[in-house]
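Chain residues, written in single-letter form:
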Amino acid sequence: MRKFIKAAGVLAAAGILLTAVLPAATADTVDSTISGGSLTSTTSGANLSGVTLDGTDKAATGTSSSPWSISDSRGTGQAWTLSVTATVPTSAAGTVETTARTIPVSNLTITPGTVTAGSGADPVDGITAPALAMSGSAQALVTSGGANRGTYALTPTYSLAVPANTYRSNYFGAVGSTALLPYVSTLTYTIS
């Protein structure tokens, strides 16, 4: 029992000695202000396949010329929407064929495809991106239900339905000996 009391006394003395030798604890703080960024999108058009009329319905198709990205670095978790408007696909008037030719804008369809989350982004849950036939007015193409922060990538495809009764493209100048003027539609994207 004496040994135990003596050992306890030695340990208590060592503890007091260590406490006296160790400096007092200090507290520091680390802080950082994190500012929100912006909501942006990067899109690209496409050159659709050519079509030769043969009396049946056809489709001109293609994939965007480069992958798209949508980046929400606002840090708010608010919902966002990438909207699109399209002009009527038109083969411009040439110098000999002076009447522009058109295909209904509703014949143009954009399919956003698979949306993938970039490194550190929220999961793609809540993002919808169905195929969309154009109408000539602004339409939601890719929509987030909220809490989709970070960068997302997608590679859309395009399809232009070419009915059997479509006019061929206009020639730039002399019919049969100058370039054909393609049917062109201008797509305008807005993200908010």
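Use the structure listed above.
Attention in this report is confined to the structure presented alongside it. (Residues numbered from 1 in each chain as written. Predicted model: local features only at pLDDT ≥ 70, side-chain atom pairs only at ≥ 80, totals over all residues. Heavy atoms only, no water.)

1. Details of the overall build of the protein chain
- Helix and strand content of the protein chain: one helix and 17 strands.
- Scored against the burial criterion, the 192 residues of the protein chain give a buried share of 28%.
- In the protein chain, 71% of the contacts between residues at least 6 apart in sequence involve partners at least 24 apart.
- Summed over its atoms, the accessible surface of the protein chain is roughly 11,700 Å², and 59% of this surface lies on carbon and sulfur atoms. (Helix = DSSP H or I, 4+ residues; strand = E, 2+ residues; numbered from the N terminus. Buried < 20%, exposed > 50% of the residue type's maximum accessible area, 1.4 Å probe, protein only. Contact = heavy atoms within 4.5 Å. Areas by Shrake-Rupley, 256 points an atom, 1.4 Å probe, with all protein chains shown as cover.)

2. Observations regarding the pairing of strand β12 (residues 150-154)
- Pairing geometry for strand β3 (residues 68-72) and β12, over five bridges, is antiparallel. Within β12, the residue paired with Asp 72 across the bridge is Gly 150.
- Both strand β8 (residues 116-117) and β12 contribute to a ladder of two bridges, which runs antiparallel. Across the sheet, Thr 116 pairs through a bridge with Ala 153, a residue of β12. (Pairing = 2+ DSSP bridges.)

3. Section: the nonpolar core
- One finds Trp 80, Met 134, Leu 141, Val 142 and Tyr 189 to be the most contacted residues of the largest nonpolar core, which totals 27 residues.
- The set of elements that each furnish at least two residues to this core consists of β3, β4 (80-86), β7 (108-111), β11 (139-144), β12, β13 (157-162) and β17 (187-191).
- In this view, Trp 80 contacts Leu 39, Ile 70, Asp 72, Arg 74, Ile 127, Val 142, Thr 143, Ser 144, Asn 148, Tyr 152, Ile 191 and Ser 192; residues no more than four positions away in its chain are not counted. (Core = buried A, V, L, I, M, F, W, Y, C linked by side-chain atoms within 4.5 Å.)

4. Describing the sheet that holds strand β10 (residues 132-133)
- The antiparallel open sheet is built from four strands, whose spatial order is β2-β13-β7-β10. Pairing within the sheet leaves two strands with one partner each, and these edge strands are β2 (58-63) and β10.
- Here β2 runs beside β13; their pairing, made up of six bridges, is antiparallel. Looking at the pairing, Ala 59 lines up with Ala 161 of β13.

5. What about the side chain of Arg 74?
- Structurally, Arg 74 is set in the loop between β3 and β4.
- A distance of 2.8 Å separates a polar atom in the side chain of Arg 74 from a polar atom in the side chain of Asp 72.
- Arg 74 has contacts with Gly 36, Gly 37, Ser 38, Leu 39, Ala 79 and Trp 80, leaving out every residue within four places of it along the chain. (Polar contact = N/O pair within 3.5 Å; in protein donor to acceptor, adjacent residues only side chain to side chain.)

6. A short note on the pattern of salt bridges
- Under the counting rule described, the total for this entry stands at five salt bridges.
- Its salt-bridge partner being Asp 54, residue Lys 58 comes within 2.8 Å of it at the nearest N-O pair.
- Under the relative-accessibility criterion, Asp 54 is labelled partly exposed at 49%.
- For the salt bridge of Arg 101 with Glu 97, the shortest nitrogen-to-oxygen distance reads 3.8 Å. Glu 97 shares its class with Arg 101; the two are buried.
- Connected via shared salt-bridge partners are Glu 97, Arg 101 and Arg 168. (Salt bridge = Lys/Arg side-chain N within 4 Å of Asp/Glu carboxyl O.)

7. Some thoughts on the packing of aromatic side chains
- Under the definition given, this model contains two aromatic pairs.
- Ring geometry for Trp 80 and Tyr 152: centres 6.3 Å apart, planes at 40°, overall tilted. Pair noted here: Trp 80 is in strand β4 and Tyr 152 is in strand β12, with a separation of 72 residues, a long-range link. By the burial criterion, Trp 80 is buried, and Tyr 152 matches it. (Phe/Tyr/Trp six-rings, centres within 6.5 Å; stacked < 30°, edge-to-face > 60°.)

8. Some words on the sheet that holds β3
- In space, the four strands of this open sheet follow the order β1-β3-β12-β8, with antiparallel pairing throughout. In this open sheet, the two strands that pair with only one neighbour each are β1 (39-42) and β8.

9. Let's talk about the side chain of Ser 91
- Structurally, Ser 91 can be placed in strand β5 (residues 90-91).
- Looking at Ser 91, its side chain comes within polar contact range of the main-chain nitrogen of Asn 170, at 2.8 Å.
- Within polar-contact distance, the side chain of Ser 91 engages the backbone oxygen of Leu 181 at 2.7 Å.
- Dropping the residues within four chain positions of it, Ser 91 is found in contact with Ala 100, Arg 101, Ser 169, Asn 170, Leu 181, Pro 182 and Tyr 183.

Function cannot be inferred from these measures alone, as they are strictly geometric.
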